[in-house]
Amino acid sequence: FVWLRILVRCLLAYARVLGGWVERGELRDAAGELFVYRAGAHADPALGAGGGDSAAGWEGAFALRPAGCVPLFLAPLAPSILVCGKSRRLVGSLAGGAAAGARGREEG
């Protein structure tokens, strides 16, 4: 029974990090346990930066860890989960930019 409680707590913690990535494009993984990671100093695709090349930002900002780091039951979905989080970041930044532009027009 104790082992079950430990397992459930671990799964809930992992699900919180995974859910933040899939639902909001937020990667809050201080321990580096999720199979998606921020890849080096590459630009964030949400910002469209990357030395002027947004494709480089999209491809290089986040990546998947090696296959052995992905839970087996999520392995077939890992590439889709990566793209989902990156897409959420991009859409969120566009929505944020549109909201800021609308505020500027209202104030001006």
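What follows covers the overall build of the chain. Helix and strand content of the chain: three helices and two strands. Ordered by position in the sequence, the α and β elements of the chain form the string α-β-α-β-α. Taken across its 108 residues, the chain has 25% of its residues classed as buried. For the chain, long-range pairs separated by at least 24 residues make up 56% of all intrachain contacts whose partners lie at least 6 apart in sequence.

Within this structure, the stated rule accounts for three salt bridges. Here Arg-24 ties to Glu-26 by a salt bridge, and the two come within 3.2 Å at their closest N and O atoms. Measuring nitrogen to oxygen at the nearest pair gives 3.6 Å for the salt bridge that ties Arg-28 to Glu-26. Residue Arg-28 is classed as exposed on the basis of its relative accessible area of 64%. Given the relative accessible area of 27%, Glu-26 is considered partly exposed. One continuous salt-bridge network, built from bridges that share partners, spans Glu-23, Arg-24, Glu-26 and Arg-28.

Within this structure, the stated rule accounts for one aromatic pair. Ring centres of Trp-21 and Phe-62 lie 4.9 Å apart, and the angle between their planes is 55°; on these two criteria the pair is classed as tilted. One end of the pair, Trp-21, is in helix H1 (residues 2-24); the other, Phe-62, is in strand S2 (residues 62-64), with 41 residues separating them in the sequence. When its relative accessible area of 0% is taken as the criterion, Trp-21 is described as buried. The class for Phe-62 is buried, based on a relative accessible area of 2%.

For the chain, per-residue confidence averages 81 on the pLDDT scale, and residues scoring 70 or more make up 75% of the total. pLDDT under 50 marks residues 100-108. Its contacts with residues more than four places away, or in other chains, come to zero contacts.

Next up on the list: the side chain of Lys-86. Structurally, Lys-86 can be placed in helix H3 (residues 78-107). Not counting residues up to four positions away in its chain, the partners in contact with Lys-86 are Trp-21, Trp-58, Glu-59 and Phe-62.

The biggest cluster of nonpolar side chains holds 13 residues, and the ones touching the most others in it are Trp-21, Leu-34, Phe-35 and Val-36. Secondary-structure elements contributing two or more residues to this core are H1 and H3. Discounting residues that sit within four places of it in the chain, Val-36 has contacts with Trp-21, Leu-27, Asp-29, Phe-62, Ala-63, Leu-64, Arg-65 and Leu-82.

Cut-off values and rules
- Residues numbered from 1 in each chain as written.
- Predicted model: local features only at pLDDT ≥ 70, side-chain atom pairs only at ≥ 80, totals over all residues.
- Heavy atoms only, no water.
- Helix = DSSP H or I, 4+ residues; strand = E, 2+ residues; numbered from the N terminus.
- Buried < 20%, exposed > 50% of the residue type's maximum accessible area, 1.4 Å probe, protein only.
- Contact = heavy atoms within 4.5 Å.
- Salt bridge = Lys/Arg side-chain N within 4 Å of Asp/Glu carboxyl O.
- Phe/Tyr/Trp six-rings, centres within 6.5 Å; stacked < 30°, edge-to-face > 60°.
- pLDDT = per-residue confidence, 0-100.
- Core = buried A, V, L, I, M, F, W, Y, C linked by side-chain atoms within 4.5 Å.

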